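# Coordinate analysis (summary)
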Amino acid sequence: MQETVSLLQGVPPEPYHAVTQAEAGVLYESTCSLRKTNTNGSCWPGADADAEADDTEFFPLHPVTTTTAHELVYLLKNSVPVFFTFFIQYLIQILIPTYFASQQGAVHMSSCTLSITAFYLTGPVLVNGFASSLDTLCSTAFGAKHYHRVGRYYVQCTLLLLVLMLPSMWFWSHSFPFFDRITHISYPDDSQLPDLCASFLSVFTFVAPAVVIFECTKRFLQSQCRFSVPTRVVVCGIPVAIAINLLLRSYLTDERYLHVAPAIAFVLTYWLMAISLLACALLLDQYHCLPSLDELKTWTLHSFLTDLGIFFKLGVPGILMILSEAFAFQILTFSAITFPKSQLAAQSIVATLASLAFQPPYAIGICCSTHIANIIGARSSNYKPAMSAIYIIMALMSVFNFTWFYFLREQIASLFTSDKEILGLASKLAQIIAVNQFLDCFNVICAAVLRGQGRQKIGSVMSLIAYYIVGLPLEWYWGFKLNFQIFGLWIGLALAVNFLSIVELIIVYKSDWITIMKQNHKLA
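Residues numbered from 1 in each chain as written. Predicted model: local features only at pLDDT ≥ 70, side-chain atom pairs only at ≥ 80, totals over all residues. Heavy atoms only, no water.

### Side note on the pattern of salt bridges
Scanning the entire structure with this criterion turns up 4 salt bridges. Between Arg219 and Asp135 there is a salt bridge, and its shortest N-O distance comes to 3.5 Å. Residue Arg219 is located in helix α11 (residues 208–222), and its partner Asp135 is located in helix α6 (residues 133–143); the two are separated by 84 residues in the primary sequence. Assessed through its relative accessible area of 2%, Arg219 is described here as buried. On the basis of relative accessible area, Asp135 is assigned to the buried category, the value being 2%. Taken together, the shared-partner salt bridges in this structure form one network comprising Asp135, Glu215, Lys218, Arg219 and Arg451. (Salt bridge = Lys/Arg side-chain N within 4 Å of Asp/Glu carboxyl O. Helix = DSSP H or I, 4+ residues; strand = E, 2+ residues; numbered from the N terminus. Buried < 20%, exposed > 50% of the residue type's maximum accessible area, 1.4 Å probe, protein only.)

Next comes the structure, spelled out in structure tokens:
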């Protein structure tokens, strides 16, 4: 009960103590319910011949110490700060720079939009995907009470990502040929746009270390159930970003520097947030997870390199999971260029709403991923009520997203435009996407559970199959073959997402938790 109360207060409970031989007898009954019973009445797995297996085959679990209701409250409560963290990051990364760039004219806004899109796909997406390995490693180690490994994984992942971001940084500083080619397709006579894009993106070269430090530190804190700390930091980032933009716009007179002012403000803001979050991690390290200077001196290059395999094993599939979905939506938007402009405008509206609808289940998914990994690291039977709570949340979020997307589609679309034709198209598209949102919540949260279980590879393979083997042919068939145009594209994508959601739900439901805990026990 004490652990349950600490969970509800947002404070991480004391991890479970090691299981002794005497305690194994108490835990034997709960473990037997999960194992295959043979004809001799033994709970060891396998046939009768396995009855004489030694004690190394026994993998006892701690008994259930919580309830579904308590788990439900814990996940929902901690999802709120995570949601605001991601939403405010979206404001700082995209909306605020785009707004201040738009004040300089249409060309500057277009260059800002293209630059941020290129930056997002080659920067934050890669960092977030690879850093998802910490959702498994840090959270599992923390649940097992191996605090030194929590800090070791955090430091190793941060250093590794700083090196892996070097190619992206080079691309950002040498991006003119890229923008020259892609803008030549739609604007062959515009020589100014690629130059503006390249100069804007080159400024982001200096923010890469800050993005890495912030994202890895955020996951380091979340693995210890400190979900509200990153939220407090990013909340302070909003007025800082706005103030820096206003100051730069007031004092910069050269048009070349004024154009990149939003990018400069973004870089300065993110460095302040990264330093602030790192300071919080140092000050709030009550479990002494971070390695001391003496411990850092004992690290060798050989020991560091031997641990890199697990990061690539978990991080690369994490990148593929995010990139596969991101590119699937980019392909849909790019395909919509061939349709009438009214359909492209309606596509922009519903895509923005779909991105907003994605945020709440993704925030809940972060909490689910971390919590499941904590439970796995602790070798606890609490996964039973936790998963029951997660299934309930999936259903509630699906109904919630479908309801507001379907019944408020006209009112929300009217906030973006007053054109009746575009409103009508956006309203019809929203009906399709509302159905898609119903099952997409299952997809988002199930993918998070797979990350918590350390099964990112399964999620990445299924995402690639769903979006590109199932989705792309359906989008082409409905959109171009049947000439449903933008509606056909979304129907094809919705069918792919529904396929992915159902398959992932089945995989999660049929999880072999004993095997998963055995495999992750080595990581903890």
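### A short note on unusual backbone geometry
Within the chain, Lys145 stands out as a residue other than glycine whose phi angle is a positive 70 degrees. Positive phi values are uncommon outside glycine, yet Cys225 reaches one of about 65 degrees. Its location among the elements puts Cys225 in the loop between α11 and α12 (228–251).

### Focus on helix α24 (residues 513–521)
Listed in full, the buried residues belonging to α24 are Trp513, Ile514, Ile516, Met517 and Asn520. Along α24, the residues classed as buried sweep out an arc of 165 degrees about the axis, all on the same side. In this structure, the buried residues of α24 make contact with α6, α18 (341–377), α19 (383–407) and α21 (420–453). (Arc of directions from axis to C-beta. Contact = heavy atoms within 4.5 Å.)

### Considering empty space enclosed by the protein
The final tally for this structure, using the stated rule, is 2 cavities of 30 Å³ or more. Considered as a void within the structure, the second largest cavity measures approximately 40 Å³ in volume. Those elements giving two or more residues to the lining of the second largest cavity turn out to be α12 and α14 (261–283). (1 Å grid on protein atoms, 1.4 Å probe; cavity = no way out; pocket = protein on both sides within 12 Å on 5 of 7 lines; lining within 4 Å. Points joined across faces, edges and corners; volume = space filled by probe spheres on them.)

### A few points about the side chain of Arg226
Structurally, Arg226 is set in the loop between α11 and α12. Here Arg226 sits buried without a salt bridge, and the closest side chain of opposite charge, Asp285, lies 7.2 Å off (N-O distance). Not counting the four nearest positions on each side in its chain, Arg226 is found in contact with Leu221, Leu284, Gln286 and Tyr287. (Lys, Arg positive; Asp, Glu negative; His and termini not counted.)

### A closer look at the packing of helix α7 (residues 147–164) against α11
It is the contact of α7 with α11, at a shortest axis distance of 9 Å, that shows an interaxial angle of 160 degrees. Relative to α11, the element α7 lies roughly antiparallel. The handedness of the crossing between α7 and α11 is right-handed. Residues Val150, Gly151, Tyr154, Cys157, Thr158, Leu161 and Leu162 of α7 touch α11, and the partners they reach there are Pro209, Val212, Ile213, Cys216, Thr217 and Phe220. A class-by-class count of the residues in the contact of α7 with α11 yields 10 nonpolar, 3 polar and no charged. (Axes fitted to C-alpha atoms, helices over the stretch in contact; angles between N-to-C directions. Parallel < 35°, antiparallel > 145°, perpendicular 65-115°, else oblique. Left-handed = near helix turned anticlockwise from the far one by under 90°. Nonpolar A, V, L, I, M, F, W, Y, C, P; charged D, E, K, R; others polar.)

### So, the packing of aromatic side chains
Per the stated rule, a full pass over the model turns up 29 aromatic pairs. Between Tyr153 and Phe311 the ring centres are 6.1 Å apart and the planes differ by 80 degrees, which places this aromatic pair in the edge-to-face class. Of this pair, Tyr153 sits in helix α7 while Phe311 sits in helix α17 (residues 308–335), and the two are 158 residues apart along the sequence. Using a relative accessible area of 10% as the deciding quantity, one classes Tyr153 as buried. The class of Phe311 is buried, set by a relative accessible area of 0%. Where Phe266 meets Tyr270, the ring centres are 5.2 Å apart and the plane angle is 50 degrees; that geometry is what we call tilted. Of this pair, Phe266 and Tyr270 are both found in helix α14, 4 residues apart, which corresponds to roughly one turn of the helix. Considered together, Phe266 and Tyr270 belong to a single accessibility category, that of buried residues. An aromatic cluster of three or more residues is present, and its members are Phe119, Trp172, Phe200, Phe204, Phe214, Phe266 and Tyr270. One Lys or Arg, Arg152, reaches over the ring of Trp299 and ends 4.6 Å from the middle of that ring. Against the face of Tyr406 rests Arg409, its NZ or CZ located 4.5 Å from the ring centre. (Phe/Tyr/Trp six-rings, centres within 6.5 Å; stacked < 30°, edge-to-face > 60°. Lys NZ or Arg CZ within 6 Å of the ring centre and 35° of its normal.)

### Some details on helix α8 (residues 166–173)
Listed in full, the buried residues belonging to α8 are Ser168, Met169 and Trp172. For α8, the angular spread of buried residues about the axis comes to 100 degrees, placing them on one side. What points out from α8, more than 90 degrees from its buried face, is the exposed set Pro167 and Trp170. Against the buried residues of α8 lie α4 (106–122), α5 (124–131), α10 (192–203) and α11.

### Considerations on the nonpolar core
Note on soluble globular proteins: their nonpolar side chains tend to be buried together. In terms of nonpolar packing, the biggest core is built from 70 residues, with Phe204, Val207, Tyr270 and Phe311 touching the most fellow members. Sort the elements by how many residues they give to this core and α11 lands first, with 9 residues. Aside from chain neighbours lying at most four places away, what touches Phe311 is Phe130, Ser133, Leu134, Leu137, Tyr153, Gln156, Cys157, Leu160 and Val316. Counting residues in each nonpolar core, the second largest holds 38 residues, with Leu75, Phe86, Ile390 and Met517 among its members. (Core = buried A, V, L, I, M, F, W, Y, C linked by side-chain atoms within 4.5 Å.)

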